[in-house]
Amino acid sequence: MSKNRPSKGPGRFKIYGKQPVTEAIESGWPVYEVIIRKGIDQESAASIASRARSLGIRVSYMAERDFDAVYDKSAQGLAAVVGEVTFRDLDDVMQNIPKGSHPLFVALDGILDPQNLGSICRTCHSMGVHGVVVPRRRIAPFGEGAFKASSGAIFYQPICEVPNIHHFIQWCQKQGIWVYGLDADGTRSLWETDLSGPVALVVGSEGKGLSRLVCDRCDEIISIPMFGEIGSLNASVACAMALYEVQRQRNVKC
């Protein structure tokens, strides 16, 4: 039962919080160690420790002061060392979409805030997105902040890395997937757009929105109707609203 801070190691990093740690264990994600703060609820800790050990995962305990010096208060007394994200191939994701279902992808153009990245992944998983697409550069890291904000959804959501978003848009056009960019200056509103077919939504960065090159390559730029004095939305909120409209249109009963 080590009191030492676990080393990160190559291809590994720490996550914390009861739900992210629990989801990592239950999802089959590579979990190398579970760290429990001494003094937390014994029943909860015993259950998690027992489950981890049954899967061959090392369990260690840290003194309260040592744990608090390393981890955020929101850790709830639990942390884990897990494997990094393994990206999926776009073609493989496409082939695994159930027959009769229209493809639904979300691409991220310059999302640099880990909290937004994690929140978007959480929303995408809950809204049935087949793949979240990220560029090789200009993307927040899939680390502690993103995993915490996703509440464990990253462990289930297929994530694909591409050289750049232009590459993804070209791939979509070959697959017959219509690409919509979300932007406040869109030519048509979300409500006026038929989103019931094969769709890819491109979400821009928190401050600058979609890059000009991405805007030029999207099939259409659409906007979310706004009624207040503020003319823009947080990236994760905009993504959530757009995905809800996609699923509303797909599941509406005539």
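Here, the structure is the one placed above.
A brief structural summary. (Residues numbered from 1 in each chain as written. Predicted model: local features only at pLDDT ≥ 70, side-chain atom pairs only at ≥ 80, totals over all residues. Heavy atoms only, no water.)

## Some words on the overall build of the protein
So, step 1. The helix and strand inventory of the protein stands at 9 helices and 11 strands.
So, step 2. Relative to its length of 254 residues, the protein is compact, with a C-alpha radius of gyration of 20 Å against a globular reference of 18 Å.
So, step 3. Seen through its C-alpha atoms, the protein measures out along the principal axes to roughly 60 × 45 × 40 Å.
So, step 4. Within the span of the protein, comprising 254 residues, buried residues form 50% of the whole.
So, step 5. By element, 48% of the accessible surface of the protein is carried by carbon and sulfur atoms, the whole surface being about 13,000 Å². (Helix = DSSP H or I, 4+ residues; strand = E, 2+ residues; numbered from the N terminus. Rg over C-alpha atoms; globule rule 2.2 N^0.38 Å. Buried < 20%, exposed > 50% of the residue type's maximum accessible area, 1.4 Å probe, protein only. Areas by Shrake-Rupley, 256 points an atom, 1.4 Å probe, with all protein chains shown as cover.)

## Overview of the packing of aromatic side chains
So, step 1. In the structure shown here, the tally under the stated rule is 11 aromatic pairs.
So, step 2. On the numbers, 5.0 Å between centres and 70 degrees between planes, the contact of tryptophan 29 with phenylalanine 155 is edge-to-face. Here phenylalanine 155 lies in the loop between helix 6 (144-150) and strand 7 (159-162) and tryptophan 29 lies in the loop between helix 1 (18-27) and strand 2 (31-37), a separation of 126 residues in the sequence.
So, step 3. Judged by its relative accessible area of 16%, tryptophan 29 falls in the buried class.
So, step 4. Here the aromatic rings of phenylalanine 147 and phenylalanine 155 are separated by 5.1 Å at their centres, their planes lie at 55 degrees, and the arrangement is tilted.
So, step 5. Take phenylalanine 155: its relative accessible area is 7%, and that puts it in the buried class.
So, step 6. Aromatic rings pair up to connect Phe13, Trp29, Phe147 and Phe155 into one cluster. (Phe/Tyr/Trp six-rings, centres within 6.5 Å; stacked < 30°, edge-to-face > 60°.)

## Some points on the sheet that holds strand 4 (residues 78-83)
So, step 1. Ordered by their spatial adjacency, 4 strands build an open sheet running 1-4-2-3, and the pairing between neighbours is mixed. Pairing within the sheet leaves two strands with one partner each, and these edge strands are strand 1 (12-16) and strand 3 (58-62). On average, each strand axis in the sheet is tilted by 20 degrees relative to the strand beside it, whichever way the strands run.
So, step 2. Both strand 2 and strand 3 contribute to a ladder of 5 bridges, which runs parallel. Across the sheet, the residue bridging to valine 34 is valine 59, located in strand 3. (Pairing = 2+ DSSP bridges. Axes fitted to C-alpha atoms, helices over the stretch in contact; angles between N-to-C directions.)

## Here's the deal with the layout of surface pockets
So, step 1. There is about 390 Å³ of room inside the largest pocket.
So, step 2. If you go around the largest pocket, you meet 20 residues; those closest to its centre are Leu182, Asp183, Ala184, Ser232 and Leu233.
So, step 3. Only strand 10 (199-204) and helix 9 (235-251) provide two or more residues apiece to the lining of the largest pocket.
So, step 4. Considering only residue class, the lining of the largest pocket consists of 9 nonpolar, 8 polar and 3 charged.
So, step 5. As for the second largest pocket, its lining consists of Trp29, Pro30, Glu84, Val85, Thr86, Arg88, Ile154, Phe155, Tyr156, Gln157, Pro158 and Ile159. (1 Å grid on protein atoms, 1.4 Å probe; cavity = no way out; pocket = protein on both sides within 12 Å on 5 of 7 lines; lining within 4 Å. Points joined across faces, edges and corners; volume = space filled by probe spheres on them. Nonpolar A, V, L, I, M, F, W, Y, C, P; charged D, E, K, R; others polar.)

## Some thoughts on the sheet that holds strand 5 (residues 104-109)
So, step 1. Pairing is parallel across the open sheet formed by 7 strands, whose spatial order is 7-6-5-10-8-11-9. This sheet does not close on itself; its edge strands, each paired only once, are strand 7 and strand 9 (188-189).
So, step 2. Packing against the sheet, helix 7 (residues 165-175) makes contact with strand 5, strand 6 (131-135), strand 7, strand 8 (178-182) and strand 10, and its axis sits at approximately 160 degrees to strand 5. (Contact = heavy atoms within 4.5 Å.)

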